[in-house]
Amino acid sequence: MLDFIGTIVLVAAIIVSVNALTGAMPISASQLIALSVGAGLWTGLAAALAAANLFLGTNPIGPPVIGTMIALPLVATAVAASISPSVRASLLGMPMPFLIALNLWRLAGGFFLLLAAEGRLGGPFPTSAGWGDVITGVLALPVAWLALRGQASPLVWAWNTFGMLDLVAALALGIISANGSPLQIIHAGQGSEAVQVLPWSLIPTVLVPMYLIVHGIIFAKLAQGSQRAPG
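Residues numbered from 1 in each chain as written. Predicted model: local features only at pLDDT ≥ 70, side-chain atom pairs only at ≥ 80, totals over all residues. Heavy atoms only, no water.

**With respect to the overall build of the protein chain**
Scanning the protein chain from N- to C-terminus turns up nine helices and zero strands. For the protein chain, the succession of helices and strands along the chain, N to C, is α-α-α-α-α-α-α-α-α. Taking 2.2 N^0.38 as the reference for a compact globule, 231 residues should give roughly 17 Å; the C-alpha atoms of the protein chain span a radius of gyration of 18 Å, in line with that estimate. Projected onto its principal axes, the C-alpha positions of the protein chain cover 55 × 35 × 30 Å. Considering the protein chain as a whole, with its 231 residues, one finds that 44% of them fall into the buried category. A separation threshold of at least 6 residues defines the contact pool for the protein chain, and within that pool the share at least 24 residues apart is 74%. (Helix = DSSP H or I, 4+ residues; strand = E, 2+ residues; numbered from the N terminus. Rg over C-alpha atoms; globule rule 2.2 N^0.38 Å. Buried < 20%, exposed > 50% of the residue type's maximum accessible area, 1.4 Å probe, protein only. Contact = heavy atoms within 4.5 Å.)

**Description of unusual backbone geometry**
Note that the residue after Leu198, namely Pro199, is joined by a cis bond; omega there is -5°. Mapped onto the secondary structure, Pro199 falls in the loop between α8 (153-176) and α9 (202-228). Despite not being glycine, Asn53 has its phi angle at roughly 60°, a positive value. One can find Asn53 in the loop between α2 (29-51) and α3 (62-83). Asn53 gets classed as partly exposed once you look at its relative accessible area, which sits at 38%.

**So, the packing of helix α7 (residues 124-148) against α8**
Packing of α7 against α8 brings their axes to within 9 Å, and their N-to-C directions diverge by 160°. When the axis of α7 is compared with that of α8, the two are roughly antiparallel. Between α7 and α8 lies a crossing whose hand is left-handed. Per-class residue counts for the contact of α7 with α8 are 17 nonpolar, five polar and two charged. (Axes fitted to C-alpha atoms, helices over the stretch in contact; angles between N-to-C directions. Parallel < 35°, antiparallel > 145°, perpendicular 65-115°, else oblique. Left-handed = near helix turned anticlockwise from the far one by under 90°. Nonpolar A, V, L, I, M, F, W, Y, C, P; charged D, E, K, R; others polar.)

**Some thoughts on a nonpolar patch on the surface**
Nonpolar side chains collect at one region of the surface, where Leu104, Leu107, Trp131, Ile135, Val138, Leu139, Leu141 and Phe162 lie side by side and expose about 700 Å² of accessible area between them. With five residues, α7 is the largest single contributor of residues to the nonpolar patch. Mapped onto the elements, Leu139 comes out in helix α7. (Patch = residues over 30% accessible without salt bridge, like charges linked within 9 Å, V, L, I, M, F, W, Y side chains within 5 Å. Areas by Shrake-Rupley, 256 points an atom, 1.4 Å probe, with all protein chains shown as cover. Salt bridge = Lys/Arg side-chain N within 4 Å of Asp/Glu carboxyl O.)

**What to know about the packing of aromatic side chains**
A full pass over the atoms with the stated rule returns three aromatic pairs. With centroids separated by 5.5 Å and ring planes inclined at 70°, the aromatic side chains of Phe112 and Phe125 adopt a geometry described as edge-to-face. With Phe112 in helix α6 (residues 110-117) and Phe125 in helix α7, this pair connects stretches of sequence that are 13 residues apart. Looking at Phe112, the relative accessible area reads 5%, which means it is buried. Ring geometry for Trp157 versus Phe219: centroids 5.6 Å apart, planes at 45°, classification tilted. Here Trp157 is found in helix α8, whereas its partner Phe219 is found in helix α9, with 62 residues between them in sequence. Residue Trp157 is classed as partly exposed on the basis of its relative accessible area, which comes to 31%. Across the ring face of Tyr211, the terminal group of Arg106 is positioned such that the distance to the ring centre comes to 5.8 Å. (Phe/Tyr/Trp six-rings, centres within 6.5 Å; stacked < 30°, edge-to-face > 60°. Lys NZ or Arg CZ within 6 Å of the ring centre and 35° of its normal.)

**Overview of the pattern of salt bridges**
Taken as a whole and judged by the stated rule, the model has four salt bridges. We note a salt bridge from Arg106 to Asp166, for which the minimum N-O separation is 2.9 Å. Here Asp166 lies in helix α8 and Arg106 lies in the loop between α5 (96-101) and α6, a separation of 60 residues in the sequence. In this structure, the salt-bridge partner of Glu118 is Arg120, at a minimum N-O distance of 3.3 Å. Residue Arg120 is classed as partly exposed on the basis of its relative accessible area of 27%. One connected set of salt bridges, linked through shared partners, spans Asp3, Glu118 and Arg120.

Given below as structure tokens:
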């Protein structure tokens, strides 16, 4: 039952977030369609690789494959933004309060705690990832509201830093607690096994890169605002 509910929530989070992000960008209709199709194909690829058990820590190619799925969107976005003024303008053109509020979906991090309670995750990974996401999600709307009123710059910096570090810590703990992986350091029950298979594998391979990109854009907008303030 938990897997069934998780599938519905995670797929909804991906569809709504992708459509919201592309819709918020100041881009043409054709570009919007292209981005949406690309995101859909990426999600399909992530699901297909997970279904083929190519993310498992016990699979010799598991760690590099899942690592590539996490890193490639981040690298591609960073490179595109650095070399293309139009891409950079499209990313920075999204409203700050919207980007913050999108993290409301991080409340789904509570699934990590439920999976741990079922004995399907172990060690510090589910506790760190679960509570970190829940805290980020709970604070998203209040911080977004304050940002909308122009009263939250220091708070946004703090919230955004916490939200990004939560994702980085979750990735690190997930990697070093994957049973059978050559990178395993933490040996605790099931470790991060549940997020190596569907539907939970969609979190590190699709949602985490997306939210890391969102946090990066927020940092860029905050830095942009700081540079304009003295003038």
